[in-house]
Structure formats: structure tokens, C-alpha cells
Amino acid sequence: MELKARVGDVPALAGALERLGAGGREEVYVDTYYDDTDRALAGGDRELRIRTVRGAGATVSVLTYKGARVEAVSGSKPEHETRVEDAAGADAVLRGLGYVPTIRFEKRCRNHAFERDGRRLLASLVEVPELGETFVEVETLVADDDGVAAALEVVRTVLADLGVPREAVTTETYTEAVAAARRLRGEAQQAPGSG
């Protein structure tokens, strides 16, 4: 369960995140999304991604499948992921199965892990350089649909405690926002290279 919001006052929010405790860790995500030539995944509100994370002297890659949205307010999707030893090898496997890269972009994150109301949460200050915007994400794991409402309430409370107004919350995905920005600039959507 995740809510994402646009950030107006980045220094104020960064300070509020630091006060949550546990410090923060800096990471850079390079996300490559895939689909088949008919865009069947996107048409079904699903996503397939290889994410390469650089931070704290290490680089890790993760293969993720996201199912269709399970909750309209947040736009949250069920996720299944696994680490991959070789991002280029995973890219080759996906291409061999008929998937092609559709979009690739970078996110710069400062992640804060903490607990609230018996839940483990992650709050991230996220900069997407090509959008020129900063976002905050607050998320927690939910085992099944029965836990969605309670988890959403905890996430909303954390956002409110951080001073984020409800109207700043957005369900637009980064892929949608980056694709729209590239269309405005007249750039191609195809993601060259591998994850």
C-alpha cells in the first residue's frame, strides 16, 4: 500500500523525514519497463520492470512484476519481485520471451525506514531529474486485501504528520509522467539498451 505526493517545500519535508528517525539512505534507481509489441501488459494495467539500484557502495538489480491496481485512491498494485544477479542477462531473457523495453528513467531517492502503529514503513523523498519534480512516497506491505483499508489509514496519517496536504497526492505513475514529459518534448518513448 503506497501513497505518493508532489512536494512543494523540499527542505521542510526532508527535515520532517529526518525526524522520523533511522536516518536515510541515498540510492539511485534506474528503471527499465518492458511490454510486448501489443502492449498487453499496459492494457491490463500491469507492469514488468528491471530496476538497478546503486547505493552504499553496492549495485543490486531486481526483476519486478506488478499486477493491476487493487485500490483506486492510492493506485497501489500487488508486486512480486526477485533479485537478479545479472541485469543484462535478465534483459536478454525478457527480450527472448518477446518483451521489449518501453521506457527507461532514473529516480534519486533518500529512503527512511521506520515503524508506526505496529507496521514497518518506508518513506522516500524521490527526485525524478527529467521531470524537474520531487515526490514523497510512503508505503507499507499488506498481506491480503483485508488489510488494505487499515494500511492506507496509517500511510495517510504519516503523510499528514509530514505536512503533506491530501490534494498533493497523485496516482499518476512515474512511467506515465515521464512518458507525458517526453511527448511534450517530442522525444521517442522506446528505451534503448538493457536494464
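Here the structure is a predicted model, which is why all the values come from computation and not from measurement. (Residues numbered from 1 in each chain as written. Predicted model: local features only at pLDDT ≥ 70, side-chain atom pairs only at ≥ 80, totals over all residues. Heavy atoms only, no water.)

**With respect to the sheet that holds strand β4 (residues 58–66)**
Across the sheet, which stays open at both edges, the nine strands sit in the order β5-β4-β3-β2-β6-β7-β8-β1-β9 with antiparallel pairing between neighbours. Since the sheet does not close on itself, it has two edges, and those belong to β5 (79–84) and β9 (169–170), each with one partner. Here nine bridges tie strand β6 (residues 100–116) to strand β7 (residues 119–128), and the two strands are oriented antiparallel to one another. Note on β7: the bridge partner recorded for His112 is Ala123. Running over the sheet, helix α3 (residues 87–96) touches β2 (25–35), β3 (47–55), β4, β5 and β6 and is turned about 170° from β3. Of the strands in this sheet, β1 (2–6), β2, β3, β6, β7 and β8 (133–140) touch helix α5 (residues 174–185), which is tilted by about 135° from β6. (Pairing = 2+ DSSP bridges. Helix = DSSP H or I, 4+ residues; strand = E, 2+ residues; numbered from the N terminus. Contact = heavy atoms within 4.5 Å. Axes fitted to C-alpha atoms, helices over the stretch in contact; angles between N-to-C directions.)

**Describing the environment of Leu97**
Its location among the elements puts Leu97 in the loop between α3 and β6. Taking the C-alpha atoms as reference points, Leu97 and Asp38, 59 residues apart in sequence, are found 13 Å from one another.

**Here we look at the packing of aromatic side chains**
In the structure shown here, the tally under the stated rule is two aromatic pairs. Residues Tyr33 and Phe105 carry aromatic rings whose centres are separated by 5.9 Å and whose planes lie at 10° to one another, so their mutual orientation is stacked. Residue Tyr33 is located in strand β2, and its partner Phe105 is located in strand β6; the two are separated by 72 residues in the primary sequence. Exposure class is identical for Tyr33 and Phe105. Each is buried. With centroids separated by 5.3 Å and ring planes inclined at 90°, the aromatic side chains of Phe135 and Tyr174 adopt a geometry described as edge-to-face. With a gap of 39 residues between them, Phe135 in strand β8 and Tyr174 in helix α5 connect regions that are remote in the sequence. Take Phe135: its relative accessible area is 2%, and that puts it in the buried class. Given a relative accessible area of 8%, Tyr174 falls into the buried group. Positioned above the aromatic ring of Phe135, the side-chain terminus of Lys4 is 5.6 Å from the ring centre. (Phe/Tyr/Trp six-rings, centres within 6.5 Å; stacked < 30°, edge-to-face > 60°. Buried < 20%, exposed > 50% of the residue type's maximum accessible area, 1.4 Å probe, protein only. Lys NZ or Arg CZ within 6 Å of the ring centre and 35° of its normal.)

**Details of the pattern of salt bridges**
A full pass over the atoms with the stated rule returns 18 salt bridges. With a shortest N-O distance of 2.7 Å, Arg110 and Glu26 are connected by a salt bridge. Pair noted here: Arg110 is in strand β6 and Glu26 is in strand β2, with a separation of 84 residues, a long-range link. On the accessibility criterion, Arg110 (24% relative accessible area) is partly exposed. One salt-bridge network, in which partners are shared between bridges, spans Asp45, Glu47, Arg69, Lys77 and Glu176. (Salt bridge = Lys/Arg side-chain N within 4 Å of Asp/Glu carboxyl O.)

**Quick word on the nonpolar core**
The biggest cluster of nonpolar side chains holds 23 residues, and the ones touching the most others in it are Leu13, Leu121, Val136, Val138, Leu162 and Val164. Here the element with the most residues in this core is helix α4 (residues 148–161); it accounts for seven residues. Here Val138 is in contact with Met1, Glu2, Leu3, Leu121, Leu122, Ala123, Val155, Val158, Leu159 and Leu162, once residues within four sequence places are set aside. Counting 15 residues, the second largest nonpolar core, distinct from the first, contains Ile103, Val128, Tyr174 and Ala177. (Core = buried A, V, L, I, M, F, W, Y, C linked by side-chain atoms within 4.5 Å.)

**As for α5**
Under the 1.5 Å per step criterion, the end-to-end length of α5 is 16 Å for 12 residues, consistent within 8% with the ideal 16 Å. Considered for burial, the residues of α5 that qualify are Tyr174, Thr175, Ala177, Val178, Ala179, Ala181 and Arg182. As for α5, its buried residues are in contact with β1, β2, β3, β6, β7 and β8. (Expected span 1.5 Å × (residues − 1).)

**Topic: the confidence of the model for the chain**
Summing up the model confidence of the chain, the mean pLDDT is 90 and the portion of residues at 70 or higher is 95%. The weakest mean pLDDT in the chain belongs to α4 at 91; the strongest belongs to α3 at 97. (pLDDT = per-residue confidence, 0-100.)

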